[in-house]
Amino acid sequence: MTDSSELVASADPYASRRRWFIPAVALGLLAAAWAALSLGAVAVPAGEVLGVLAAKVGVDAFEDPSQQAEAVVWGIRMPRLLLAFAVGATLGLVGGVLQGLLRNNLADPHLLGIGPGAAIGAAIGSAAGGVQGAIAGGVAAGVITAFAVRLLSKRASIDPTMIILSGVALAAVLSAWVGFIVFAADRSTVPPIEFWLLGSLTGSTWRALGTAFAFLFITSIIMLSSAHLLDVMGLGEADARHLGIDVDLVLTVLLIAAGAAVGATVGAVGVIAFVGLLVPFVVRRVTGPSHRSLLFGALASGALFVAAADLVARLLIQPVEIPVGLVTAAVGGPVFLWLLTRRRDA
Amino acid sequence: MNRRTTLIALGIATTVVLAACTGDADTTTTSSATPAETTTSSPTTSSPTTTLIDEQTFVGADGVETTIGDVSRIVSLNGDLTEIIFELGLGDNVVGVDVTTTYPPEAAALNDQGATVGFAQQLAPEAVLRFEPTLVIGDQQVGPPEVIEQLRGAGVPVVILETQTTLDGVETKILQVAEILGAPDAGAELAERVMGEIDAARELAAADDSDPRIAYVYVRGPQVLLLFGAGMPTQGMIEGAGAIDAGAETGVFGPVAMTPEALLAAAPAVIVLPEAGLAALGGIETFLEIPGVAKTPAGQNDAFIAYDEAYFFNLGPRAGQALDEFVRDLYPGIGG
């Protein structure tokens, strides 16, 4: 008995890390949720927060919430929290998938240009149909940009840093186009340039959440179910083909899913960079290289990261809010730098 | 891996981080009027006596019909609207204002005490809701629209008024605010007085035959330098003074970045500036060092006039007074 369990442990050195990782992230998510629902410029006592939640599930418990408490906790904070979770989970997941697909752990959907590309469609869409138009436009443009990135990465596939460089160049061009659209458009319908460059969850409504979630749910299912294929494709496209995998089909489906997922997040909350870079990087060190645990881990940790970053954005100098992308960049940028320098030393 | 490529990548990574920081700097400058003290403020403590008015509906410029029945706790999202509310005698009911509110002093004090919603173009829902307002009033410049939607979702009446950019619009603005607040008589009286002052100033201006070219340049420290053109309230003031808006006349629409060429093309004989912003820049001497400025007719004749920006272009209760002062500054010796 002792021998075999030791064998298992040495075969999977990440098993013990995974054991504390799941409860740690779960606790973090709970803490973030409680903080997001109970803290803010409007003071709502904890009892009333619980009262609102209890009333929503049909239980008459805790304090009887005031109308203001219900409007704030359920009408404003709850959709914002859920949107932060959904967007963070998606960006973490997309990062994990793209890094596997391009075999490049510097791949981040926004650094690669998919986010800025989606923002072009989303900005045009928002002029036509509010947040729902923005999400639809973002999805369409996100898919197109994902394929453009694939073409670029094929050409530059020898040096992983070149892929990121070409992505950054692409992102710069696409962001410029977003700027042209924003400055040409009606300011009352199209969000300002900061929104498209740094993201914001300020305008989170149930409607925005509902529309985004429809896309995020379907695309996430597709991406999560690709874990085994990504493991095999990690051997290289040629080897994967030899093992009977239709590499082109997998690539096409996953690029569509990733592009649509990123596009939906951009339409709803703008471009929040570095989540897709940072989260899979951290999770990989804990769960190991297997894509199954990586993707699920990135999903949960991404949700935690964005919800926590949004708390900082919302509370740091309240009642004024700062763009959430500033917070993720402040944390993610240094990690990106460190990853780059470490690659040179290796 | 290629060392040079890594260096380029490092450079780009740094730029990305720096770009993020620049964005931050921008955000903090716009909100710098509301530093740390806002976090500790608890604006919902004192509550003035409830002012119930006959329940009425008002259809705003966004087409939304709002029911108003209680004006005891008003949040005003624009400085000009705040001025009108105070002038109508309902200043005690104002519990929160935006950063553009600088007059009257009691209203400006709200800002200093942290009873502010910040920048009305970048509202956060809870920044408004913490005042437990019974009425939120703003014009079409406030946003984002999702936040207005969230406030209405929370059951707060939000009235959006049309943004007025002409002197004639002052009357509409005053009458609308008064109607919303249930004080139509006081509104009619105030509108009559202000429009009378505006007309008197216009008549005074008509006594002068020259029509000088005037440009309004908006400065706020060294970073913000804008030339105002057509569709701005400054156009109404300049034309009301019997002059030509040099920006609008050369095809400038709205506020645009002031480039030396745009300014030289406008060729203003007089440049009007905001007082506080000019002081933040370092005064007229520093302004004259900006390329192009010294070469304009205004620069050569040292013809600059600075007014408090809210006073000059709020198009509120002080519009007639401001126009009168402007006319007398423009045409010395007029009207005795």
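Residues numbered from 1 in each chain as written. Chains lettered and ligands numbered in written order. Predicted model: local features only at pLDDT ≥ 70, side-chain atom pairs only at ≥ 80, totals over all residues.

## Focus: the confidence of the model for chain B
Residue and element names in this part refer to chain B. Per-residue pLDDT for chain B has a mean of 85; in total, 84% of the residues score no lower than 70. When the elements of chain B are averaged for pLDDT, helix H2 (residues 37–40) gives the smallest value, 37, and strand E3 (residues 74–76) the largest, 97. Overall, residues 1–49 carries pLDDT values under 50, and its contacts beyond four positions in sequence, including any with other chains, amount to 77 contacts. Reported for the predicted complex are a pTM of 0.79 and an ipTM of 0.76. (pLDDT = per-residue confidence, 0-100. Helix = DSSP H or I, 4+ residues; strand = E, 2+ residues; numbered from the N terminus. Contact = placed C-beta atoms within 7 Å.)

## Here we look at the environment of B:Val156
Residue and element names in this part refer to chain B. Note that valine 156 resides in the loop between helix H6 (145–153) and strand E6 (158–161). Residues valine 156 and glycine 63, 93 residues apart in the sequence, show an inter-C-alpha distance of 17 Å. Setting aside residues up to four positions removed in sequence, valine 156 forms contacts with Leu129, Pro133, Val136 and Leu151.

## Structural notes on helix H9 (residues 233–240) of chain B
All names here are of chain B. Of all the eight residues making up H9, seven are buried; the element is thus mostly covered by neighbouring parts of the structure. All of the buried residues in H9 are Pro233, Thr234, Gln235, Gly236, Met237, Ile238 and Gly240. Phi turns positive one or two residues past the end of H9, at glycine 242, with a value near 70°. (Buried ≥ 20, exposed ≤ 12 C-beta atoms within 10 Å, placed from the backbone.)

## Here's the deal with the confidence of the model for chain A
This prediction gives chain A a mean pLDDT of 88; 94% of its residues lie at or above 70. Here residues 1–9 of chain A scores under 50 on pLDDT; set against residues more than four positions off or in separate chains, the count is one contact.

## So, the nonpolar core
Residues A:Leu83, A:Val97, A:Ala212, A:Ala258, A:Val306 and A:Ala307 are the most contacted members of the largest nonpolar core, which totals 207 residues. A per-element tally of this core places helix H4 (residues 67–101) of chain A first, with 21 residues. Here this core gathers at least three residues from each of two domains, domain 1 (52–163) and domain 2 (209–330) of chain B. Beyond its immediate stretch of four places on either side in the chain, A:Ala307 contacts A:Ala32, A:Ala36, A:Leu81, A:Ala84, A:Phe85 and A:Gly88. (Core = buried A, V, L, I, M, F, W, Y, C linked by C-beta atoms within 7 Å. Domains from an automatic or database assignment.)

## Quick look at the pairing of strand E2 (residues 65–70) of chain B
As paired strands, strand E1 (residues 52–59) of chain B and E2(B) are joined by five bridges and run antiparallel to one another. Residue pairing in the sheet places B:Gln56 in a bridge with B:Ile68 of E2(B). (Pairing = 2+ DSSP bridges.)

## Observations regarding the domain arrangement of chain B
All names here are of chain B. Annotation of chain B at the domain level lists domain 1 (52–163) and domain 2 (209–330). Between the C-alpha centres of domain 1 and domain 2 the distance comes to 29 Å. Listed per partner, the contact involves seven residues of domain 1 and six residues of domain 2. Residues that form the side of domain 1 that touches domain 2 fall into these classes: two nonpolar, two polar and three charged. (Nonpolar A, V, L, I, M, F, W, Y, C, P; charged D, E, K, R; others polar.)

## So, the environment of A:Ala264
Residues and elements named next belong to chain A. Counting through the fold element by element, alanine 264 comes out in helix H11 (residues 247–269). Sequence separation of alanine 264 and phenylalanine 183 is 81 residues, and the distance between their C-alpha atoms is 22 Å. Beyond its immediate stretch of four places on either side in the chain, alanine 264 contacts Ile135, Gly138, Val139, Ala212, Phe215 and Leu216.

## A word on unusual backbone geometry
The amide bond that connects B:Tyr103 to the next residue, B:Pro104, takes the cis arrangement and shows omega of -10°. Mapped onto the elements, B:Pro104 comes out in the loop between strand E4 (94–97) and helix H4 (105–112). The peptide bond linking B:Gly143 to B:Pro144 adopts the cis configuration, its omega dihedral lying at 0°. In this structure, B:Pro144 sits in the loop between strand E5 (135–139) and H6. Despite not being glycine, A:Phe274 has its phi angle at roughly 75°, a positive value. Topologically, A:Phe274 is positioned in the loop between H11 and helix H12 (275–287). Assessed through the 28 C-beta atoms surrounding it within 10 Å, A:Phe274 is described here as buried. With a phi angle near 55°, B:Asp302 is a residue other than glycine that sits in the positive phi range.

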